Amino acid sequence: MCYSAEVWTDYHRYVDQFNADVDIKEFAKLYLARQSSPKIKIPKGMDRGFDKPKTDLEKQIQQLVQDYQSSLISDSEQEMFKQAKRLADAERKLAVKETKTALNEQRIATNKIKQMKRWIADAKRVELDPVKDNRMWPDWYVPVLISEKGKLVVRPMRYHCRPAGKPASVDRTKDGKVSGTYNARRDNLTRFWRKQFGYTHGLIVASQFYEMVERDGVTREVQFNPSTHEPMFIACLWSHWTDPKGEAPDLYSCAAVTDDPEPEVAEAGHDRTVINLKPEHIRAWLNPDPNNLQSMQDIMDDKQHPFYEHRLAA
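Please read these numbers as outputs of a predicted model, since none were measured by experiment.

A.B. asks: What exactly am I supposed to notice about the overall build of the protein here?
C.D. replies: Helix and strand content of the protein: eight helices and twelve strands. In terms of overall dimensions, the protein is globule-like: its C-alpha atoms have a radius of gyration of 22 Å, near the 20 Å expected for 314 residues. Taking contacts inside the protein between residues at least 6 apart in sequence as the whole, the part at least 24 apart equals 68%. Of the roughly 16,600 Å² of accessible surface on the protein, 51% is carried by carbon and sulfur atoms. Counting 49 positive and 47 negative side-chain charges, the protein places the averaged centre of each group 7 Å from the other.

This is the structure in structure tokens:
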């Protein structure tokens, strides 16, 4: 599974690299929706793509980003004051008598205050962290390159695909955890993903990816980088989900296609690797022929094989 990756979050990079159009209306809808839904996660790098707006819609998005950051700071400050009172109450009780309840309240309040301080500092931070601010995780939104009517388009999508026609519950497992549909296994493309494979293909550009690997009985995050330091062109499938009841909002979402692991990835302890397309195959991948799926298989067979250097993530 591709658990996380450092990706191109600024849509301008896709526009410049691929001469693509941008679905700015879909970006605007996403940012407007985030104002009222804390579940919508967007990397800071994607927000910063609107620092220098040129069109009216881009200016609206920039304002939405600023409003969101202001709201985040205000909410965090209010929560920090609340936790400060909680901490003071706990310490007053501890001054009289040490109890498990008071110690627990002290611990929780202290941790919450530290968390709020981090959130406030991060919201106010101006300088971009190229690793932290360009990361995508399941359920986060990132720009995705697709083809519509023969023209390349950049559209924001959630990294965690909800295939059209499936219930929204496909997003979660029975115990409430994130389901595995942020990745599309190559050996399952003609079954579970049959309505996307050969029809709606996408591309995400990344510089490195991360996997959770068990080492010595402990699960650790491992970072994988192409030794060539060249961009990875990650093959994706995407879908436009609509609620048959017309109640939930539409959702554009995608999944990274994964294959058997490269030898060095397997040696590091992980059993899958994203498919890194060769640049010359990108347009063909984005314009699939559902009547010739073998050509898509051939493209995946001819993928790039850079040596993936790896180390424990910081």
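A.B. asks: How should I be thinking about the packing of helix H4 (residues 56-96) against helix H5 (residues 100-124) in this particular structure?
C.D. replies: For any two helices packed against each other, the geometry is given by the interaxial angle and the distance between the axes. Where H4 contacts H5, the two axes come as close as 8 Å, and the packing angle between them is 160 degrees. With respect to H5, the axis of H4 lies roughly antiparallel. Here the hand of the crossing between H4 and H5 comes out left-handed. Here the contact of H4 with H5 is built from residues that sort into 16 nonpolar, five polar and nine charged.

A.B. asks: Teacher, can you tell me more about the nonpolar core here?
C.D. replies: Note that soluble globular proteins tend to have their nonpolar side chains buried in a common cluster. Membership of the largest hydrophobic core comes to 71 residues, with the highest contact counts inside it found for Phe18 and Trp285. At eight residues, the largest contribution of residues to this core is made by strand E9 (residues 232-241). Discounting residues that sit within four places of it in the chain, Phe18 has contacts with Trp8, Leu145, Leu152, Leu203, Val205, Phe233, Ile282 and Arg283. One finds Ala109, Met116, Ile120 and Ala123 within the second-largest nonpolar core, a separate group that totals eight residues.

A.B. asks: Honestly, the packing of aromatic side chains in this entry has me stumped. Any pointers?
C.D. replies: Describing an aromatic ring pair means giving the distance of the ring centres and the angle of the ring planes. Within this structure, the stated rule accounts for 13 aromatic pairs. Where Tyr159 meets Tyr182, the ring centres are 5.8 Å apart and the plane angle is 55 degrees; that geometry is what we call tilted. Note that Tyr159 is positioned in strand E5 (residues 151-159) and Tyr182 in the loop between E5 and strand E6 (183-185), a separation of 23 residues in sequence. Comparing Tyr159 with Tyr182 shows no difference in burial state: the two are buried. Among the aromatic side chains, those forming a connected cluster through ring pairs are Trp8, Tyr14, Phe18 and Phe233. One cation-aromatic arrangement involves Arg34 over Tyr68; the distance from NZ or CZ to the ring centre is 3.7 Å. Note that Arg155 overlies the ring of Tyr252, its terminal NZ or CZ placed 4.6 Å from the centroid.

A.B. asks: For this particular structure, what's the right way to read the side chain of Asp47?
C.D. replies: Structurally, Asp47 is set in helix H3 (residues 44-47). We classify Asp47 as buried; its relative accessible area is 4%.

A.B. asks: Is there a simple way to think about the pattern of salt bridges in this case?
C.D. replies: When charged atoms on two side chains of opposite charge get close, those side chains can pair. A complete count under the given rule lists 22 salt bridges for this structure. Here Arg155 ties to Glu148 by a salt bridge, and the two come within 3.0 Å at their closest N and O atoms. Note on Arg155: relative accessible area 5%, which makes it buried. If you follow the salt bridges from partner to partner, you end up with Asp139, Arg158, Arg162, Asp171 and Arg172 in one network.

Parameters at a glance
- Residues numbered from 1 in each chain as written.
- Predicted model: local features only at pLDDT ≥ 70, side-chain atom pairs only at ≥ 80, totals over all residues.
- Heavy atoms only, no water.
- Helix = DSSP H or I, 4+ residues; strand = E, 2+ residues; numbered from the N terminus.
- Rg over C-alpha atoms; globule rule 2.2 N^0.38 Å.
- Contact = heavy atoms within 4.5 Å.
- Areas by Shrake-Rupley, 256 points an atom, 1.4 Å probe, with all protein chains shown as cover.
- Lys, Arg positive; Asp, Glu negative; His and termini not counted.
- Charge placed at Lys NZ, Arg CZ, Asp CG, Glu CD.
- Axes fitted to C-alpha atoms, helices over the stretch in contact; angles between N-to-C directions.
- Parallel < 35°, antiparallel > 145°, perpendicular 65-115°, else oblique.
- Left-handed = near helix turned anticlockwise from the far one by under 90°.
- Nonpolar A, V, L, I, M, F, W, Y, C, P; charged D, E, K, R; others polar.
- Core = buried A, V, L, I, M, F, W, Y, C linked by side-chain atoms within 4.5 Å.
- Buried < 20%, exposed > 50% of the residue type's maximum accessible area, 1.4 Å probe, protein only.
- Phe/Tyr/Trp six-rings, centres within 6.5 Å; stacked < 30°, edge-to-face > 60°.
- Lys NZ or Arg CZ within 6 Å of the ring centre and 35° of its normal.
- Salt bridge = Lys/Arg side-chain N within 4 Å of Asp/Glu carboxyl O.

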